[in-house]
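In case you want the letters, here they are:
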Amino acid sequence: MKFRGKIIDIACLNHFTRVVTTISKLTKMCVLRLTPDNLFFVLSGKVANGGVSMWCELSQANFFDEYQMEGVSSEDNEICLEVTPENLSRALKTVQNAKAVKVKLTKKHCPCLTIAAELEMRCVWGYIHLQSALRTRIQPQPTLSSVSRVVTHDVPVDVIPRRLWHEFKEPSMPDFDVSIYLPPLKTMKNIVDRMKNLSNFLVIEANLNGEMNLKIETDLVSVTTHFRDLGNPPWGDDASQDGGPSQSRDPESMVEARVDIRRLQQFLVGQQVNPSKAMCNIVHQSVLHLILLHEDMSLQYFIPAVA
Amino acid sequence: MHCIVTGGNVKVLAKAVHSLSRIGDELYVEPQEDGLALRSVNSSRSAYACFLFAPLFFSRYSITSGDNFRCKMAIKSVQSVFRSLTTLEKTVEKCHIDLDKQKDRLTFTLHCKHGLLKTHNLSFQDSESLQAVFDKDSYANVFRAQPRLLVDTVVHFPPSLDEVTVSVSDERMWVRNHVEEEAEASKAMLTELCLASDEFDHFAAQAHNSVTFCLKELRGLLVFAESTGLPVSMYLDEPGSPVVLSVTDSVLEGNFVLATLSDDPSLRKNSSKGAHTAAPPPPDDFMNDDMDSYLIAMDTSIAPGPSNTGPPPPSLSGDTRSKRPAAVSHKARILIEEAEEEETDDLDRLPNKKFRSLFFGSVLPPSSQLSTQPMTSQEVLASDSEEEN
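Please read these numbers as outputs of a predicted model, since none were measured by experiment.

### Some details on the overall build of chain A
Line of reasoning, step 1. When helices and strands are tallied, chain A shows 5 helices and 20 strands.
Line of reasoning, step 2. A buried classification covers 48% of the 307 residues belonging to chain A.
Line of reasoning, step 3. Sequence-distant contacts in chain A: of pairs separated by 6 or more residues, those separated by 24 or more amount to 66%.

So this is what it looks like as structure tokens:
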């Protein structure tokens with residue numbers, strides 16, 4: 001099992017760091033799947049994390065200038081690692097101005113993802129101050145010496161055995177009732193932040209007419225925020241999986257999912273960049289499926305509905 | 001005591017106070033002949049810092065000579081005097097520091113623009129003298145670097161990181177985070193970086209040592225050094241011996257002394273027994289053998305050091321007269337001189353005064369501070385010509 005990747009372009013390094021940071025805000029631990037063409041950050045829905053699951057897909061060519069891997073075997077040419085994304089994020093954040101960053105799978109005291117960065121040339125300037133008698137004439141004599149320094153971060157990982165790989169497969173698109181574009185994430189985040197103070201659960205409802213409501217209800221108060229003209233993504237023939245529920249649905253009727261507000265907030269807080277497309281699919285009273293599409297990566301997040 | 005700080009020096013004083021606050025909760029103030037000393041130590045006595053401001057730093061510096069005044073106060077109160085550095089820079093013209101013995105108060109008066117006067121009366125407590133014993137000249141490895149280099153190094157480590165290990169060879173210095181063996185070694189992230197000798201202003205590594213110390217306390221010094229642009233000197237010796245970092249200028253000297261992990265297994269054994277065994281003799285540099293003179297009396301409120309340094313050190317509350325070993329737990333303690341205020345015995349007073357002049361660096365370049373010859377008189381560098389009482 002071997003993995004070796006190199007990032008030279010600063011913009012790519014920046015994007016990669018942002019992706020990893022976003023993931024680190026969503027979950028403490030996740031699985032990193034490496035295939036010849038892609039990287040996946042996967043979180044499988046378990047009771048421990050509230051049934052939430054995540055699937056993030058990156059095309060390696062968009063980030064790495066060099067990428068070589070050898071999977072577990074030739075039929076299963078893939079590597080599956082359990083990693084703490086926050087460690088990766090922290091390591092990457094400190095090397096943003098590196099000339100080159102190498103990511104390697106190594107075995108130190110345990111299997112590690114080693115991030116080795118060659119930091120940019122440093123310049124050291126020395127100044128020569130003339131004696132106090134000539135204090136008015138301080139002549140800087142710059143002495144330029146350039147050095148490059150190597151920093152290594154060893155992030156411990158756990159190798160996931162092949163027999164468990166089935167838990168980390170790409171989730172299938174749920175048979176949703178409504179699909180709708182999300183309002184600007186920042187706006188949503190502000191609203192959800194305020195609502196979190198009032199209630200632990202939030203109801204998100206939407207219809208095929210581009211209308212979405214975020215509702216909370218307690219004994220004392222109920223608050224609803226209405227969004228209009230959001231637009232519905234044209235899933236076309238994809239939608240008609242079971243006799244086209246969306247076709248026959250009344251565009252005005254709302255479907256809803258009641259979710260734990262903290263999960264939704266966690267998702268919104270982690271987003272650092274505005275995605276090209278942001279949408280959600282709702283399966284009535286079952287699951288909320290959030291999809292973010294960026295230029296170079298896609299992120300799907302599933303929040304189960306609670307009664 | 002009466003001194004006046006003017007102009008940009010007010011900000012420097014403020015920064016020194018802020019960086020001392022990163023070490024401990026109390027500020028020890030001691031006006032001396034050779035300047036005003038501000039010191040702090042952490043509760044586990046594993047970090048000590050001292051700033052000495054020469055009389056020249058002040059536009060006026062007068063102390064009642066012969067008066068062994070020293071006090072300590074909550075550092076937070078002093079910080080609140082110098083709270084906002086940008087405001088200080090813009091509005092404060094002068095700062096007067098006056099001692100009111102009757103009321104046990106130290107008064108800080110900030111003379112600001114437009115005739116505004118801000119007076120802070122801070123009460124203090126009498127305190128024991130606080131001094132760490134160290135001899136920079138005896139250290140095997142000496143380095144000096146621009147603060148930028150160290151700041152750039154430290155940035156790679158998370159702010160929460162406790163301990164860092166520095167290893168040196170002839171041409172290089174490695175800095176990596178330290179992970180306790182017993183802890184989850186498999187889960188901890190390891191970071192390492194390597195500095196070449198030519199990145200330093202001065203690099204003299206005579207012994208290839210590797211020391212581990214606490215990074216958190218160091219950051220306070222780096223903030224100070226970076227803002228004043230002073231190069232930082234680093235003195236390293238073998239594990240167990242504290243690492244000293246200092247910044248020097250013509251009018252001030254700051255020393256941060258941090259204890260290092262000692263990997264001597266015999267010391268570890270000692271600590272588990274309670275450290276009442278015979279101590280390794282302290283450096284043979286004291287003028288007299290009087291046990292009372294070099295007390296390493298600790299505060300009654302002993303708190304164990306960072307959680308991963310093994311068994312907590314034994315409490316030393318009662319017996320202040322017994323000699324304590326230099327390394328109490330497997331994290332070596334800094335040898336700290338503390339003379340009890342209650343000792344009115346003149347005989348005891350005298351050697352302490354001498355210790356002060358012996359062990360505390362004045363603004364003179366570090367001459368042999370631990371000479372066995374009595375220092376007859378210290379050369380006065382900058383006499384306060386205004387006040388010769």
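Having seen the structure, we can now continue with the description.
### Side note on the overall build of chain B
Line of reasoning, step 1. For chain B, the count of helices and strands is 7 helices and 21 strands.
Line of reasoning, step 2. For chain B, the proportion of its 389 residues judged to be buried stands at 55%.
Line of reasoning, step 3. In chain B, 67% of the contacts between residues at least 6 apart in sequence involve partners at least 24 apart.
Line of reasoning, step 4. Total accessible area on chain B is roughly 16900 Å²; 50% of this is exposed by carbon and sulfur atoms.

### As for the pattern of salt bridges
Line of reasoning, step 1. Under the definition given, this model contains 14 salt bridges over all chains.
Line of reasoning, step 2. The partner of A:Lys2 in a salt bridge is A:Glu70, with the nearest N and O atoms 3.9 Å apart. Note that A:Lys2 is positioned in strand β1 (residues 2-7) and A:Glu70 in strand β5 (residues 66-70), a separation of 68 residues in sequence.
Line of reasoning, step 3. Via salt bridges that share partners, B:Arg148, B:Asp152 and B:Glu226 belong to a single interconnected network.

### Brief notes about unusual backbone geometry
Trans is the common state for peptide bonds, and a negative phi is the common state for residues other than glycine.
Line of reasoning, step 1. At A:Gln285, a position not held by glycine, the phi torsion is positive, near 55°.
Line of reasoning, step 2. Position of A:Gln285 among the secondary structure elements: in the loop between β18 (277-283) and β19 (287-293).
Line of reasoning, step 3. Residue classification places A:Gln285 among the exposed residues on the basis of a relative accessible area of 53%.
Line of reasoning, step 4. In this model, B:Arg45 sits at a positive phi of 60°, which is unusual for a non-glycine residue.
Line of reasoning, step 5. Here B:Arg45 lies in the loop between β3 (35-41) and β4 (47-53).

### Observations concerning the packing of aromatic side chains
Line of reasoning, step 1. In this structure the tally under the stated criterion is 19 aromatic pairs over all chains.
Line of reasoning, step 2. When the ring of B:Phe143 is compared with that of B:Phe203, the centres are 4.7 Å apart and the planes differ by 55°; the resulting orientation is tilted. Of this pair, B:Phe143 sits in strand β12 (residues 141-145) while B:Phe203 sits in strand β16 (residues 202-205), placing them 60 residues apart in sequence.
Line of reasoning, step 3. B:Phe143 gets classed as buried once you look at its relative accessible area, which sits at 1%.
Line of reasoning, step 4. According to the relative accessible area criterion, B:Phe203 is buried, its value standing at 17%.
Line of reasoning, step 5. Three or more aromatic residues joined by ring pairs form one cluster here, namely B:Phe51, B:Phe53, B:Phe57, B:Phe58, B:Tyr61, B:Phe224 and B:Phe256.
Line of reasoning, step 6. Sitting above the plane of the A:Phe40 ring, A:Arg33 keeps its charged end 5.3 Å from the centroid.

### Some thoughts on the interface of chain A and chain B
Line of reasoning, step 1. Across the boundary between the two partners, chain A contributes 19 residues, which contact 19 residues of chain B.
Line of reasoning, step 2. Note on chain A versus chain B: buried area summed over both sides is about 1600 Å², and carbon and sulfur give 53% of it.
Line of reasoning, step 3. In this structure, the connection of chain A to chain B is made through 0 salt bridges.
Line of reasoning, step 4. If you look at where chain A meets chain B, you find 4 residue pairs in polar contact (both at pLDDT 80 or more).
Line of reasoning, step 5. Mapped onto the side of chain A that touches chain B, the elements with two or more residues apiece are α2 (85-93) and β11 (150-156) of chain A.
Line of reasoning, step 6. Looking at which element gives the most residues to the side of chain A that touches chain B, the answer is β11(A), with 7 residues.
Line of reasoning, step 7. Tallied by class, residues from the side of chain A that touches chain B come to 9 nonpolar, 5 polar and 5 charged.
Line of reasoning, step 8. Pairing of β11(A) with strand β15 (residues 190-196) of chain B involves 4 bridges; the strand directions are antiparallel. Paired with A:Val151 across the strands is B:Leu193, a residue of β15(B).

### Some points on the sheet that holds strand β6 (residues 71-74) of chain B
All names here are of chain B.
Line of reasoning, step 1. Across the sheet, 10 strands lie side by side as β10-β6-β2-β3-β4-β20-β19-β18-β12-β16; this open sheet has antiparallel pairing. Every other strand in the sheet has two partners, leaving β10 (125-126) and β16 as the edge strands with one partner each.
Line of reasoning, step 2. The sheet contacts of helix α5 (residues 215-228) involve β4, β18 (232-236), β19 (243-248) and β20 (252-258), and relative to β20 the element is tilted by about 160°.

### Comments concerning the side chain of A:Asn87
Line of reasoning, step 1. Tracing the backbone through its elements, the reader meets A:Asn87 in helix α2.
Line of reasoning, step 2. Polar side-chain contacts of A:Asn87 include one of 3.3 Å to the side chain of A:Arg90.
Line of reasoning, step 3. Discounting residues that sit within four places of it in the chain, A:Asn87 has contacts with A:Val155, B:Lys187 and B:Met189.

### Overview of the packing of helix α1 (residues 10-26) of chain A against α2(A)
All names here are of chain A.
Line of reasoning, step 1. The N-to-C vectors of α1 and α2 enclose an angle of 150°; their axes lie 8 Å apart at closest approach. Taken together, the axes of α1 and α2 are roughly antiparallel relative to one another. Along this stretch, α1 crosses α2, giving a crossing that reads as left-handed. Residues Leu13, Phe16, Thr17, Val20, Thr21, Ile23 and Ser24 of α1 form the contact with α2, whose own contacting residues are Pro85, Glu86, Leu88, Ser89, Leu92 and Lys93.

### What to know about α5(B)
Residue and element names in this part refer to chain B.
Line of reasoning, step 1. Along its 14 residues, α5 runs 20 Å from first to last C-alpha, staying within 8% of the 20 Å computed at 1.5 Å per residue.
Line of reasoning, step 2. Buried within α5 we find Leu215, Glu217, Leu218, Arg219, Gly220, Leu221, Leu222, Phe224 and Ala225.
Line of reasoning, step 3. Of the residues one or two after α5, Gly229 is the one with positive phi, at around 70°.

### Considerations on the confidence of the model for chain B
Residues and elements named next belong to chain B.
Line of reasoning, step 1. Confidence in the prediction for chain B averages 71 pLDDT; 65% of positions are at 70 or higher.
Line of reasoning, step 2. pLDDT under 50 marks residues 338-378. Its contacts with residues more than four places away, or in other chains, come to 82 contacts.
Line of reasoning, step 3. This prediction of the complex comes with two scores: 0.69 for pTM and 0.71 for ipTM.

### Here we look at the packing of α1(A) against helix α5 (residues 261-270) of chain A
Residues and elements named next belong to chain A.
Line of reasoning, step 1. Viewed as axis vectors pointing N to C, α1 and α5 meet at an angle of 160°, and their least axial separation amounts to 8 Å. With respect to their mutual orientation, α1 and α5 come out roughly antiparallel. Between α1 and α5 lies a crossing of right-handed hand. Contact residues: Thr22, Lys25 and Leu26 in α1; Gln266, Phe267, Val269 and Gly270 in α5.
Line of reasoning, step 2. A per-class count over the contact of α1 with α5 returns 3 nonpolar, 3 polar and 1 charged.

### Thoughts on the sheet that holds β15(B)
Line of reasoning, step 1. In spatial order, the strands read β5(A)-β1(A)-β7(A)-β8(A)-β11(A)-β15(B)-β14(B)-β13(B)-β17(B); together these 9 strands make up an open sheet with antiparallel pairing. At either end of the open sheet lies a strand with only one pairing partner, and these are β5 of chain A together with β17 (210-214) of chain B. Taking the axes of each pair of neighbouring strands and ignoring which way they run, one obtains an average angle of 15° across the sheet.
Line of reasoning, step 2. Judged from the 7 bridges that link them, strand β8 (residues 111-119) of chain A and β11(A) form a sheet pairing that is antiparallel. Residue pairing in the sheet places A:Thr114 in a bridge with A:Asp154 of β11(A).
Line of reasoning, step 3. The strands touched by α2(A) within the sheet are β7 (98-107), β8 and β11 of chain A, with β8(A) carrying the most contacts at an inclination of about 15°.

### Thoughts on a nonpolar patch on the surface
Line of reasoning, step 1. A cluster of nonpolar side chains, namely A:Met1, A:Val72 and A:Val159, defines an oily patch on the protein surface of about 230 Å² accessible area.
Line of reasoning, step 2. Structurally, A:Val159 is set in strand β12 (residues 158-159).

### A word on the confidence of the model for chain A
Line of reasoning, step 1. Mean pLDDT for chain A: 84, with 86% of residues reaching 70 or above.
Line of reasoning, step 2. Of all secondary-structure elements in chain A, the lowest mean pLDDT belongs to strand β9 (residues 122-123) of chain A, at 52, while strand β16 (residues 222-227) of chain A reaches the highest, 94.

Calculation rules
Residues numbered from 1 in each chain as written. Chains lettered and ligands numbered in written order. Predicted model: local features only at pLDDT ≥ 70, side-chain atom pairs only at ≥ 80, totals over all residues. Heavy atoms only, no water. Helix = DSSP H or I, 4+ residues; strand = E, 2+ residues; numbered from the N terminus. Buried < 20%, exposed > 50% of the residue type's maximum accessible area, 1.4 Å probe, protein only. Contact = heavy atoms within 4.5 Å. Areas by Shrake-Rupley, 256 points an atom, 1.4 Å probe, with all protein chains shown as cover. Salt bridge = Lys/Arg side-chain N within 4 Å of Asp/Glu carboxyl O. Phe/Tyr/Trp six-rings, centres within 6.5 Å; stacked < 30°, edge-to-face > 60°. Lys NZ or Arg CZ within 6 Å of the ring centre and 35° of its normal. Buried area = accessible area lost by both parts, 1.4 Å probe. Polar contact = N/O pair within 3.5 Å; in protein donor to acceptor, adjacent residues only side chain to side chain. Nonpolar A, V, L, I, M, F, W, Y, C, P; charged D, E, K, R; others polar. Pairing = 2+ DSSP bridges. Axes fitted to C-alpha atoms, helices over the stretch in contact; angles between N-to-C directions. Parallel < 35°, antiparallel > 145°, perpendicular 65-115°, else oblique. Left-handed = near helix turned anticlockwise from the far one by under 90°. Expected span 1.5 Å × (residues − 1). pLDDT = per-residue confidence, 0-100. Patch = residues over 30% accessible without salt bridge, like charges linked within 9 Å, V, L, I, M, F, W, Y side chains within 5 Å.

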